[in-house]
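Here's the letter readout for the chains.
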Amino acid sequence: MIDSRPVAVVVEDEPRIRAFVAAALVEDGCRVVETGTARDGLAAVDRAKPALVLLDLGLPDRDGVEFIRDLRRWSTAPVIVLSARSAEAEKIEALDAGADDYLTKPFGVGELLARVRVALRRHPAGRATDAATFDFGDVHVDHLQRVVLRSGERVHLTPIEYRLLSLFIAHAGRVLTHRQLLREIWGAGADTESTYLRVHVGHLRHKLEADPTRPRHIVTETGVGYRFVA
Ligand code: CA
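This section reports on the structure supplied with the text. Computed from a prediction, not measured in an experiment: that's the story for all the values here.

### Side note on the sheet that holds strand 8 (residues 147-150)
Then comes step 1: On the basis of which strands lie adjacent, the open sheet formed by 4 strands has the order 6-7-8-9 and antiparallel pairing. Each edge of the open sheet carries a strand with a single partner, namely strand 6 (133-136) and strand 9 (153-154).
Then comes step 2: Summarising the sheet, strand 7 (residues 139-142) and strand 8 pair through 4 bridges and their orientation is antiparallel. Paired with Asp142 across the strands is Val147, a residue of strand 8.

In structure tokens:
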């Protein structure tokens, strides 16, 4: 029998809160995957393709904000942050990093489920295409391990090159403008520095394209930007 319940991944290291959240979600008709670390949480999202992630910001192995930044390289699953009231700045940082909503601890079942329903309405099923690994040509990208292989050989990418590649993959098939890329990587105000971008795209092509002068994957859209073709 196919289980059609929406899947929620709960990433929370405090057992009592995790049990409380999981019980409420099960009661509300979700299937729940419980994890207590960022590492296990990311792996669980990759495996389960959940409709929703509930994330504690204070995790034992890594900061929750970093979890969101990593997750957003490859997953669109809504993230509701569970945070302590004292962590106001952290909460804003989490939203900026790509979280969808937040709950301030302590919270009640009613409040939790109201937020969960809003998130599920927007995003009723996990996207099967959201995966932590991605293949194109002879290149294999693993976002969990942060490893890029070409014909099985490890390719060293700088942080900016890795970030560029992640953006290209996340927007595969669509045009990304110079401005979009500059803002995503260097922040607002970097609009005019398109030479930087050309240099880094050039390096990326040299590392990943069979013929960097005739790129098949990172394609130039003249005067506009780039289109990544898997
Ligand atoms: Ca915690």
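### Some thoughts on the pattern of salt bridges
Then comes step 1: Per the counting criterion, the structure on display carries 21 salt bridges.
Then comes step 2: One salt-bridge network, in which partners are shared between bridges, spans Arg62, Glu66, Asp70, Arg73 and Arg146.

### What to know about the packing of aromatic side chains
Then comes step 1: Across all of its chains, the model carries 7 aromatic pairs by this definition.
Then comes step 2: Note on Phe20 and Phe107: the rings are 6.1 Å apart at their centroids and 45° apart in plane angle, and the pair reads as tilted. On the criterion of sequence distance, the pair formed by Phe20 in helix 1 (residues 15-27) and Phe107 in the loop between strand 5 (101-105) and helix 5 (109-122) is long-range, its members being 87 residues apart.
Then comes step 3: What makes Phe20 partly exposed here is its relative accessible area of 32%.
Then comes step 4: Through successive ring pairs, a cluster of aromatic residues spans Phe134, Phe136, Phe168, Tyr226 and Phe228.

### Observations regarding the environment of Leu52
Then comes step 1: Within the secondary structure, Leu52 is located in strand 3 (residues 52-56).
Then comes step 2: Residue classification places Leu52 among the buried positions, given a relative accessible area of 0%.
Then comes step 3: Taking the C-alpha atoms as reference, Leu52 lies 17 Å from Thr37; in sequence the two are 15 residues apart.
Then comes step 4: Residues contacting Leu52, with those up to four places away along its chain left out, are Val7, Ala8, Val9, Pro78, Ile80, Val116, Ala119 and Leu120.

### Thoughts on the nonpolar core
Then comes step 1: By size, the foremost hydrophobic cluster in this structure holds 23 residues, and its most contacted members are Val148, Leu165 and Phe168.
Then comes step 2: Within the residue set of this core, elements represented by two or more residues are strand 7, helix 6 (159-170), helix 7 (178-186), helix 8 (194-208) and strand 12 (225-228).
Then comes step 3: If one sorts the elements of this core by residue count, helix 6 sits on top with 6 residues.
Then comes step 4: Each residue touching Val148, except ones within four places of it in the same chain, is listed here: Val139, His140, Val141, Glu153, Arg154, Val155, Leu157, Tyr162, Leu165 and Leu208.
Then comes step 5: Core analysis: the next-biggest nonpolar cluster, separate from the first, contains 22 residues, Leu42, Val81, Ala94 and Ala97 among them.

### Regarding the coordination of the calcium ion
Then comes step 1: Taken together, Asp13 (OD), Asp56 (OD) and Gly58 (O) make up the full set of protein donors to the calcium ion, lying 2.2 to 2.3 Å away.
Then comes step 2: Considered as a linear motif, the donors of the calcium ion on their single chain read D-x42-D-x1-G. Of this pair, Asp13 sits in the loop between strand 1 (7-11) and helix 1 while Gly58 sits in the loop between strand 3 and helix 3 (64-71), and the two are 45 residues apart along the sequence.
Then comes step 3: On the basis of relative accessible area, Asp13 is assigned to the partly exposed category, the value being 34%.
Then comes step 4: With a relative accessible area of 45%, Gly58 lands in the partly exposed category.

Conventions adopted
Counting starts from 1 at the beginning of each chain's written sequence and moves along it residue by residue. It should be noted that, the model being predicted, local features are given only for residues of pLDDT at least 70 and side-chain atom pairs only at 80 or more, the latter also being counted only at that level, while totals for whole chains, interfaces and linings use all residues. No hydrogens and no water enter the side-chain calculation; it runs on all heavy atoms of the structure. Strands were regarded as paired on the criterion that DSSP finds at least two bridges between them. Strands here are runs of E lasting at least two residues and helices are runs of H or I lasting at least four, both read from the DSSP assignment and numbered beginning at the N terminus. A carboxyl oxygen of Asp or Glu within 4 Å of a side-chain nitrogen of Lys or Arg is what we treat as a salt bridge. Think of it this way: a Phe, Tyr or Trp ring, Trp meaning its six-membered ring, pairs with another when their centres are within 6.5 Å, and the plane angle makes it stacked under 30 degrees, edge-to-face over 60, tilted otherwise. Residue exposure (1.4 Å probe, protein chains only): buried if accessible area is under 20% of the type maximum, exposed if over 50%, otherwise partly exposed. Between two residues, a contact is recorded if the distance between any of their heavy atoms is within 4.5 Å. We call a set of buried Ala, Val, Leu, Ile, Met, Phe, Trp, Tyr and Cys residues a nonpolar core when their side-chain atoms join them within 4.5 Å. A donor here means any N, O or S atom no more than 2.8 Å from the metal (3.2 Å for Na, K and Ca); water is not included, so a site may seem to lack partners.

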